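# Chains, contacts and geometry: an overview
Chain residues, written in single-letter form:
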Amino acid sequence: MNSKPSVKKGIAKYKDGSFERIEDEIAVEKRLRIFIRGKEVISFLCSPTMVEELVVGFVMSEGFLKGKGMLCPEEILIEENPGQKGVSGGNNDIEAHLFVETEMVDNPPAVTSGCAKGLTFSSEEKTEYIEDDMEIKAGDIIYLFKEFQTRSNLYRLTGGVHSAALSDGKGIIVFAEDIGRHNAVDKIIGFCLLNKITTKGKILLSSGRLSSEIARKAIRVSIPILVSRTAPTTMAVDIAESYNLTLVGFLRGERFSIYSYPKRIIVS
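Residues numbered from 1 in each chain as written. Predicted model: local features only at pLDDT ≥ 70, side-chain atom pairs only at ≥ 80, totals over all residues. Heavy atoms only, no water.

### Details of the pattern of salt bridges
Tallied over the entire structure, the rule returns ten salt bridges. Between Lys 187 and Asp 178 there is a salt bridge whose closest N-O contact spans 2.7 Å. In this structure, the salt-bridge partner of Lys 217 is Asp 186, at a minimum N-O distance of 3.0 Å. Linking Lys 217 in helix α5 (residues 212–220) with Asp 186 in helix α4 (residues 181–194), this pair joins segments that are 31 residues apart in sequence. Asp 186 shares its class with Lys 217; the two are buried. Salt bridges sharing common partners tie together Arg 33, Glu 40, Asp 93 and Glu 95. (Salt bridge = Lys/Arg side-chain N within 4 Å of Asp/Glu carboxyl O. Helix = DSSP H or I, 4+ residues; strand = E, 2+ residues; numbered from the N terminus. Buried < 20%, exposed > 50% of the residue type's maximum accessible area, 1.4 Å probe, protein only.)

Below, the structure is given as structure tokens:
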């Protein structure tokens, strides 16, 4: 895929009592339609980058791959603008076709509290308790988040995307951006699955609100620490406490708040 994550558009900018015509960068929004064995199972909005990673991360974190293991590249076909070729999609669509025998999720999707018309199939099913004795210094968390924020080029251009990253406590391993915070996290998970990178003993960094769906995604792949510059929800805190996830919010400047399992963050 050659889609750009942003495009230039002429706009009128008001400042100091007058208008000025300028070109501004606008975040590109596409509809992603996921098909499994020819049946459309879900569609949602996303940024047209790291689409394969997004698809793999989504179907894994939402439970489609239970009992299947990992998707192989030959089991996935990504088509952009399929409507231009006379097939089912529209000209602004991306279609992902999965040729795989896997479990279909029975419970209907729920609209999430997120952006980009986020959907989740998550239920209250049992999730594996995180057994991980990872520790990291408070100062290192602050340093990593500062590095994380410097990576967000698309946000600086458009102001219209979220970002997520995975860290080993020393640096950023993989970084992703998307119009949806759930999508950005799924891209990280998908990248790790496709590249056989373990998520155990790692830190997930997010620019968005820490809702229950984001917490569940981290827990499903055994990430022990989840960090954001914004607030968690009550359900996210409850889930984190139940499954031994360290939840860090409001990381701004030199301060942050720990909402669950604080023993992984040490002072020195």
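### With respect to the nonpolar core
By size, the foremost hydrophobic cluster in this structure holds 26 residues, and its most contacted members are Ile 188, Leu 204, Leu 226, Leu 245 and Leu 247. Within the residue set of this core, elements represented by two or more residues are β10 (162–167), β11 (172–178), α4, α5 and α6 (234–243). Dropping the residues within four chain positions of it, Leu 247 is found in contact with Leu 210, Leu 226, Pro 232, Ala 236, Val 237, Ala 240, Ser 257, Ile 258, Tyr 259 and Ser 260. Ranked by size, the runner-up nonpolar core spans 20 residues in total, among them Ile 34, Cys 46, Val 56 and Ile 76. (Core = buried A, V, L, I, M, F, W, Y, C linked by side-chain atoms within 4.5 Å. Contact = heavy atoms within 4.5 Å.)

### A closer look at the layout of surface pockets
Put simply, the second largest pocket is a space of about 260 Å³. In this structure, the second largest pocket is lined by 13 residues; those nearest its centre are Ser 152, Tyr 155, Ser 163, Ser 207 and Arg 229. Those elements that place two or more of their residues in the lining of the second largest pocket are α2 (138–150), α3 (153–158) and β10. If one sorts the elements of the lining of the second largest pocket by residue count, α2 sits on top with three residues. Here the residues of the lining of the second largest pocket are counted per class, giving four nonpolar, seven polar and two charged. (1 Å grid on protein atoms, 1.4 Å probe; cavity = no way out; pocket = protein on both sides within 12 Å on 5 of 7 lines; lining within 4 Å. Points joined across faces, edges and corners; volume = space filled by probe spheres on them. Nonpolar A, V, L, I, M, F, W, Y, C, P; charged D, E, K, R; others polar.)

### A word on the pairing of strand β12 (residues 203–206)
Burial along β12 is two-sided: Ile 203 and Leu 205 facing one way and Leu 204 and Ser 206 facing the other are all buried. Inspection of the sheet shows β10 paired to β12 by four bridges, in the antiparallel sense. Note on β12: the bridge partner recorded for Leu 166 is Leu 204. Judged from the four bridges that link them, β12 and strand β13 (residues 225–228) form a sheet pairing that is parallel. Across the sheet, the residue bridging to Ser 206 is Ser 228, located in β13. (Pairing = 2+ DSSP bridges.)

### Some words on the confidence of the model for the protein
Confidence along the protein averages 86 in pLDDT terms, with 84% of residues attaining 70 or more. Between the elements of the protein, mean pLDDT differs from a low of 46, seen in strand β7 (residues 110–111), to a high of 98, seen in β12. Considering only residues more than four positions removed or in separate chains, one finds that residues 85–89, a stretch of pLDDT under 50, has ten contacts. (pLDDT = per-residue confidence, 0-100.)

### A few points about the packing of aromatic side chains
Enumeration according to the criterion identifies four aromatic pairs in this entry. An aromatic cluster of at least three residues, connected via ring pairs, comprises Phe 145, Phe 148 and Phe 175. (Phe/Tyr/Trp six-rings, centres within 6.5 Å; stacked < 30°, edge-to-face > 60°.)

### Let's talk about the sheet that holds β13
Whenever strands of a sheet pair, they do so through backbone hydrogen bonds, lying parallel or antiparallel. One open sheet holds the six strands; their spatial order is β11-β10-β12-β13-β14-β15, and the pairing between them is mixed. For this open sheet the edge positions go to β11 and β15 (255–260), each flanked by a neighbour on one side alone. The average undirected angle you get between the axes of adjacent strands in this sheet is 20°. Relative to β11, α4 is tilted by about 140°, and along the sheet it contacts β10, β11 and β12. (Axes fitted to C-alpha atoms, helices over the stretch in contact; angles between N-to-C directions.)

### A word on the side chain of Glu 53
If you trace the backbone, Glu 53 turns up in helix α1 (residues 51–61). Despite its burial, Glu 53 pairs with no opposite charge, the nearest such side chain being Lys 187 at 7.8 Å. Those residues within four positions of Glu 53 in sequence are excluded, and the remaining contacts are Asp 186, Lys 187, Gly 190, Phe 191 and Leu 194. (Lys, Arg positive; Asp, Glu negative; His and termini not counted.)

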